[in-house]
Amino acid sequence: MTIAEVQEKIREIKRERGICVLAHSYQAREILEVADYTGDSYKLSVAAAEDKKSIAIMCGVRFMAETVKLLSPEKTVFLANADAGCPMADGLSADRLRAAKEKYPGSPVVCYINTTAEVKALSDVCVTSSSAVAIIRAMPESEILFVPDCNLGAYVADSLPEKTVHLINGGCPIHAAVSGADVAAARRAHPGALLLVHPECVPDVTRAADYVGSTSGIYDYAVKSDKKEFIIGTEVSIAEHLQYACPDKKFYPLTKKLMCHNMKLTTLMDLYHCLVAASGGSDGGGEQITIEPSLMTDARRCIDEMIRLGEKGKDNK
Ligand code: 13P
Ligand code: SF4
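Residues numbered from 1 in each chain as written. Chains lettered and ligands numbered in written order. Predicted model: local features only at pLDDT ≥ 70, side-chain atom pairs only at ≥ 80, totals over all residues. Heavy atoms only, no water.

J.: Describe the site of ligand 1, listing the residues and the values that go with them.
T.: Taken together, His24, Tyr26, Asp40, Ser41, Tyr112, Asn114, Ser129, His175, His198, Glu200, Ser214 and Thr215 are the residues near ligand 1. Within the contact set of ligand 1, an oxygen atom lies 3.2 Å away from a side-chain nitrogen or oxygen of Tyr26. Ser129 is positioned with one of its side-chain polar atoms (N or O) 2.8 Å from an oxygen atom of ligand 1. Within the complex, the protein chains bury 95% of what would otherwise be the 300 Å² of accessible surface of ligand 1. Taking a 2 Å distance to the grid points as the criterion, the majority of the atoms of ligand 1 fall inside the second largest pocket. Among the residues forming the shell around ligand 1, the class breakdown is two nonpolar, eight polar and two charged. (Near = heavy atom within 4 Å. Polar contact = N/O pair within 3.5 Å; in protein donor to acceptor, adjacent residues only side chain to side chain. Areas by Shrake-Rupley, 256 points an atom, 1.4 Å probe, with all protein chains shown as cover. 1 Å grid on protein atoms, 1.4 Å probe; cavity = no way out; pocket = protein on both sides within 12 Å on 5 of 7 lines; lining within 4 Å. Sits in = over half its atoms within 2 Å of the grid points. Nonpolar A, V, L, I, M, F, W, Y, C, P; charged D, E, K, R; others polar.)

J.: Would you mind going over the pairing of strand S1 (residues 19-24) in detail, with residue names and values included?
T.: Extensive coverage of S1 is indicated by the burial of six of its six residues. Of the two faces of S1, both are covered, the one formed by Ile19, Val21 and Ala23 as well as the one formed by Cys20, Leu22 and His24. Examined bridge by bridge, S1 and strand S3 (residues 55-59) share five bridges and lie parallel to one another. In the sheet register, Val21 faces S3, and the bridge partner there is Ile57. (Buried < 20%, exposed > 50% of the residue type's maximum accessible area, 1.4 Å probe, protein only. Helix = DSSP H or I, 4+ residues; strand = E, 2+ residues; numbered from the N terminus. Pairing = 2+ DSSP bridges.)

J.: Requested: an account of the site of ligand 2, with residues and values cited.
T.: Neighbouring ligand 2 are the residues Tyr26, Cys86, Pro87, Met88, Asn114, Cys172, His175, Glu200 and Cys260. Using a 2 Å cut-off from the grid points, one finds that ligand 2 occupies the second largest pocket. For the shell around ligand 2, a count of residues per class yields six nonpolar, two polar and one charged.

J.: Please give an account of the pattern of salt bridges that cites residues and values.
T.: For the structure on display, the rule yields 14 salt bridges. Notably, a salt bridge pairs Glu287 with Arg62, separated by 2.9 Å at the nearest N-O pair. With Glu287 in strand S13 (residues 287-288) and Arg62 in helix H4 (residues 62-71), this residue pair connects regions lying 225 residues apart in the sequence. Residue Glu287 is classed as partly exposed on the basis of its relative accessible area of 30%. Between Arg207 and Asp158 there is a salt bridge, and its shortest N-O distance comes to 2.8 Å. With Arg207 in the loop between helix H11 (203-206) and strand S10 (211-212) and Asp158 in helix H9 (residues 150-159), this residue pair connects regions lying 49 residues apart in the sequence. Overall, Asp158 belongs to the partly exposed group, its relative accessible area being 39%. (Salt bridge = Lys/Arg side-chain N within 4 Å of Asp/Glu carboxyl O.)

J.: Outline the side chain of Asp270, listing residues and values.
T.: By the secondary structure assignment, Asp270 is in helix H15 (residues 268-278). One buried charged side chain, Asp270, makes no salt bridge at all; its nearest oppositely charged neighbour is Arg62, positioned 12 Å away. Among the polar contacts made by the side chain of Asp270, one reaches the side chain of Asn81 at a distance of 3.0 Å. Here Asp270 is in contact with Ala80, Asn81 and Leu265, once residues within four sequence places are set aside. (Lys, Arg positive; Asp, Glu negative; His and termini not counted. Contact = heavy atoms within 4.5 Å.)

J.: Please set out the nonpolar core residue by residue, giving values where relevant.
T.: Formed by 90 residues in total, the largest nonpolar core has its most connected members in Phe146, Ile232 and Leu254. The greatest single-element share of this core, amounting to seven residues, is contributed by helix H16 (residues 293-316). One finds Ile10, Val21, Leu268 and Leu271 within the second-largest nonpolar core, a separate group that totals 23 residues. (Core = buried A, V, L, I, M, F, W, Y, C linked by side-chain atoms within 4.5 Å.)

Quick look at the structure:
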């Protein structure tokens, strides 16, 4: 089958079976084109919770599918490619977090959404790249323990000097590999371009940027800007998608190192096979996400707190 034929088949199954497809912005174009919702981790979880369909398929990585399940326990949730994980989320075990909590007993734990359900269950508040600063600002405590991304944590600490942010070792191996030298090289190659970066990058990179934001934040900033050239400091797919959205502008990946292999694992055929499984077919693919009920209740608490503080943050603006 051609890509167009598979896409047509996918649209047909979605329509007939009432299945909602979510695709993170790092996914391939042919997947984004057939998705009901696209965007950053936060946007996708909220969209899935608000959507009325009872089955959702996540084209992204495991913690994203788990978050959809936590927000919509009554839904049947699938991860389109069962091997797609996030090394940052997998790098922090519940035991390591317990040890860190003992070190900072008075500090509430703020976890990035890129965490397992087990880690969320041990955390007080969850945040996303787009909400971290506003939510931590809205927390009454002046001291927090932020896990697992020490770079996003450092960005929060830079933005909120009134808070003491305790960090542990952890982060995204893809974004953290970008250096100040890469920034200098990109600036030299594209002197008129604005530098837009994800807060998972190291402080040498975020401090040198013209804008720091989530994947959706970077995308929207570039689309709305009246500038013509941009260096994109997040996964290379965002520069590609922006080029389609704004053919009259130029987008340069900050470095070719910015490629997430886990995000690239999911193919259009994986989505097709997952739709077959979600429709009850025995020869389908993907994995249905199940979370043990008591873990679900515990992990959900920090997400509810994220939503509550997110609303409070808006009032305080
Ligand atoms: P966003 O929430 O910005 O989509 O980030 C998720 C992620 O994994 C980025 O590497
Ligand atoms: Fe995880 Fe980094 Fe890939 Fe995002 S880009 S899914 S944080 S490894």
